[in-house]
Amino acid sequence: MAYVKFFDTTLRDGEQSPGVALNTQQKLDIAHALARLKVDIIEAGFPITSQGDFECVNEIAKQVRGPVIAALARTHRADIERAAEAIAPAEKGRIHVFTSASDVHLEHMLRKTRAEVLALSDEMVRYARTFVEDVEFSAQDCMRADPEFVYELVRVAIAAGATTVNVPDTTGYGTPHDYGALIRSIFDNVPEAAGITISTHCHDDLGMATANTLAAVENGATQVEVTINGIGERAGNTALEEVAMALYTRRDHYGHDIGIDTRELYRTSRLVSRYTGMMVQPNKAVVGENAFAHEAGIHQDGVIKHKSTYEIMNAELVGREAGVLVMGKHSGRNAFRQRLAELGYEGLAKEQLDALFTQFKALADVKQSVTSEDLRALVENQLVKVAETYRLEHVQFQSGSGGMTPQALVRLRTPEEVVEATATGSGPVDAAFSALRSITPVPFELESYDLKAIGSGTDALGEVTIRVAAGDRTLYGRAISTDVVQASVLAYVDVMNKLAAGAGRSKAEARSITMSL
Ligand code: KIV
Ligand code: ZN
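From a predicted model like this one, the values you see are computed outputs, not experimental measurements.

Draft legend 1. Representation of the overall build of the protein within the structure. Each helix and strand counted, the protein has 18 helices and 19 strands in total. A compact globule built from 517 residues would reach a C-alpha radius of gyration of about 24 Å, and the protein, at 25 Å, matches this within 12%. Structurally, the protein occupies a C-alpha span of about 75 × 60 × 45 Å along its principal axes. Burial status across the protein gives 54% buried among its 517 residues. Sequence separation of 24 or more characterises 68% of the internal contacts of the protein that already satisfy a separation of 6 or more. Surface exposure of the protein reaches about 21800 Å², of which carbon and sulfur atoms provide 50%. Looking at charge distribution, the protein has the averaged site of its 52 positive side-chain charges lying 4 Å from that of its 69 negative ones.

As structure tokens, this is what we get:
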């Protein structure tokens, strides 16, 4: 049985999602989570792009054990040197050198001939091999390239010492049939490919990334490049959780082994969603809120009689559990710590644990049952907190039917003083946001507002996520509370704190590294 390696690029391609900017600690947390998930390779970043990116890759290389740590580099000497330096402390390191294959990229972006691209690829893969034994080579946009040129690139890269050759469908143009056929034809036309790893890298522009990746596996690819929750450029990359569960659940069909610890999937998905601010759609396969929910009467009846009537995999297998009562207001600190450890949150600092226990007690006072989902939300909310320049002191609102104008009062503590504002609006959230706007020193524009309940019941925690544009920056704010107006105000304050901390990546920064390959 062939083994399929999982190459996770959440921290590199995933971080290229619009509006996403992770700090070093968040990247480290995600890298540790990926190691627990037992991915084979972590692409930790693109070190030449900034000092910050270099440091993140370097820290991950120092601290994360288990997976191979990869760093991306263009076919430039300086990129390769920087990548080599960043991954030097890794237990196992890889340099991932990339160029382009399609004529449209060569003509308009690289401004190089095919012969020049071949020569440079040969030279730079050889150069990368002088630093590490594990070198991956990618040529962007293979799906729209002349297959004969793709074969030539693969041949040259292997001859130069590449141990993995990746075949990206950078623009998400392929169909499962085309992409599978391209992978097969590489083995047919370049016999040396049998001696190395052929890898897939699919984007989801037409919603076919997972299908294309699996088609490639059926045709001989033994590495899949994926991201948690499928985040990434434009419509994103292939979702790790989908490919993992497809290969696991349909081993009968694919016949491959994988190393992924599927029980870590849900937790890792939640962590990435929280850190990036990108919500997972409820009907998302494997990790979406509804992925294991049965709504129709016939389905519920079937599942109660026998789970397998409507379930092809069970929730526990991907690390989810039913929203059972776990703690109440009489639960003590030890029980609380133990329950957190059972949920995988170990090693929290004493101050974090104290703050969480206080929040848990406050929640248990207003909510009948505190579930595992609630506890996860509390912990993850606590973990992503930035320094509190602004703190919500008080929020009060009134609204009602019969022509009453919704009104809100908000009181904030700033480093200098306590400020208060009152405003009216179309509803209490609108009124509270108007009040906050009059206090906010740096103006920003609300681009989206999402509210979702964690668990069921009218006393459920409400989770509010907002996306804002502040000049050239995009930021996400998130907060939870059983009071949805308060959660909304806290999400807004979260953005104010992030702005004060200089978080958020500008579109200009995101574009700053040109593809002058
Ligand atoms: O989509 C793509 O082609 C890439 C390469 C850098 C591998 O992300
Ligand atoms: Zn990509």
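From this point, the narrative continues.
Draft legend 2. Examining the coordination of the zinc ion (ligand 2) more closely. Protein coordination at the zinc ion (ligand 2): the donors are Asp13 (OD), His201 (NE2) and His203 (NE2), at 2.0 to 2.1 Å from the metal. On the primary sequence, the residues serving as donors to the zinc ion (ligand 2) are separated as D-x187-H-x1-H. Here aspartate 13, found in the loop between strand S2 (5-8) and helix H1 (24-37), pairs with histidine 201, found in strand S8 (residues 197-202); they are 188 residues apart in sequence, far enough to count as distant. Under the relative-accessibility criterion, histidine 201 is labelled buried at 5%.

Draft legend 3. Region of the structure containing the environment of alanine 90. Tracing the backbone through its elements, the reader meets alanine 90 in the loop between helix H3 (77-87) and strand S5 (93-100). Given the relative accessible area of 14%, alanine 90 is considered buried. Through-space distance from the C-alpha of alanine 90 to that of serine 331 is 43 Å; in sequence the pair is 241 residues apart.

Draft legend 4. Structural context of the pairing of strand S15 (residues 418-424). Burial along S15 is one-sided: the face carrying Val419, Ala421 and Ala423 is buried and the face carrying Val418, Glu420, Thr422 and Thr424 is not. By the bridge criterion, seven bridges tie strand S14 (residues 407-413) to S15 in an arrangement that is antiparallel. Note on S15: the bridge partner recorded for leucine 412 is valine 419. With antiparallel pairing between neighbouring strands as the criterion, S14 and S15 make up a hairpin whose turn holds four residues.

Draft legend 5. Molecular detail of the sheet that holds S15. Across the sheet, which stays open at both edges, the three strands sit in the order S13-S14-S15 with antiparallel pairing between neighbours. Each edge of the sheet is formed by a strand with only one pairing partner; in this case those strands are strand S13 (391-398) and S15. Neighbour to neighbour, the strand axes of the sheet diverge by 10° on average, direction disregarded. Its contacts with the sheet put helix H17 (residues 484-500) on S13 and S14, and the angle it makes with S13 is roughly 145°.

Draft legend 6. Expanded view of the side chain of asparagine 237. Among the secondary structure elements, asparagine 237 is positioned in the loop between strand S9 (223-226) and helix H9 (240-249). The class of asparagine 237 is buried, set by a relative accessible area of 2%. Within polar-contact distance, the side chain of asparagine 237 engages the side chain of aspartate 13 at 3.1 Å. Setting aside chain neighbours within four positions, we find asparagine 237 in contact with Thr9, Asp13, His201, Cys202, His203, Asp204, Ala209, Thr227, Gly230, Ile231 and Gly232.

Draft legend 7. Examining the pairing of S5 more closely. Most of S5 is tucked away, with eight of its eight residues classed as buried. Of the two faces of S5, the one carrying Gly93, Ile95, Val97 and Thr99 and the one carrying Arg94, His96, Phe98 and Ser100 are both buried. Two elements, strand S4 (residues 68-74) and S5, share six bridges in a ladder whose sense is parallel. Note on S5: the bridge partner recorded for leucine 72 is histidine 96. Handedness of the crossover joining S4 and S5 through H3 is recorded here as right-handed. Bridge count between S5 and strand S6 (residues 135-140): six bridges; the pairing is parallel. By the bridge assignment, histidine 96 is partnered in S6 with glutamate 136.

Draft legend 8. Geometry of the side chain of glutamine 140. Of note, glutamine 140 is situated in strand S6. Residue classification places glutamine 140 among the buried positions, given a relative accessible area of 15%. One polar contact links glutamine 140 to serine 100, side chain to side chain, over a distance of 3.2 Å.

Draft legend 9. The arrangement of the site of ligand 1 in detail. Arg12, Asp13, His96, Phe98, Ser138, Gln140, Asn166, Pro168, Thr170, His201 and His203 make up every residue found near ligand 1. Separating an oxygen atom of ligand 1 from a side-chain N or O atom of arginine 12 is a distance of 2.9 Å. Between an oxygen atom of ligand 1 and a side-chain N or O atom of aspartate 13, the distance comes to 3.0 Å. Elements represented by at least two residues in the shell around ligand 1 include exactly S5, S6 and strand S7 (164-169). Of the residues in the shell around ligand 1, the class split is two nonpolar, seven polar and two charged.

Draft legend 10. Geometry of the domain arrangement of the protein. Per the domain assignment, the segments making up the protein are domain 1 (5-276), domain 2 (293-312 + 323-383) and domain 3 (391-512). Taking only C-alpha atoms, the centre of domain 2 and the centre of domain 3 are 26 Å apart. Domain 2 puts nine residues into the contact, and the matching count from domain 3 is eight residues. Regarding the contact of domain 2 and domain 3, the summed buried area is about 660 Å², with carbon and sulfur atoms giving 66% of it. Summed over the three residues of domain 2 that lose the most area to domain 3, namely Lys367, Ala377 and Asn381, the buried surface amounts to 50% of that side.

What counts as what
- Residues numbered from 1 in each chain as written.
- Chains lettered and ligands numbered in written order.
- Predicted model: local features only at pLDDT ≥ 70, side-chain atom pairs only at ≥ 80, totals over all residues.
- Heavy atoms only, no water.
- Helix = DSSP H or I, 4+ residues; strand = E, 2+ residues; numbered from the N terminus.
- Rg over C-alpha atoms; globule rule 2.2 N^0.38 Å.
- Buried < 20%, exposed > 50% of the residue type's maximum accessible area, 1.4 Å probe, protein only.
- Contact = heavy atoms within 4.5 Å.
- Areas by Shrake-Rupley, 256 points an atom, 1.4 Å probe, with all protein chains shown as cover.
- Lys, Arg positive; Asp, Glu negative; His and termini not counted.
- Charge placed at Lys NZ, Arg CZ, Asp CG, Glu CD.
- Donors = N, O, S within 2.8 Å, 3.2 Å for Na, K, Ca; no water.
- Pairing = 2+ DSSP bridges.
- Axes fitted to C-alpha atoms, helices over the stretch in contact; angles between N-to-C directions.
- Polar contact = N/O pair within 3.5 Å; in protein donor to acceptor, adjacent residues only side chain to side chain.
- Right-handed = clockwise from strand over helix to strand, strands pointing away.
- Near = heavy atom within 4 Å.
- Nonpolar A, V, L, I, M, F, W, Y, C, P; charged D, E, K, R; others polar.
- Domains from an automatic or database assignment.
- Buried area = accessible area lost by both parts, 1.4 Å probe.

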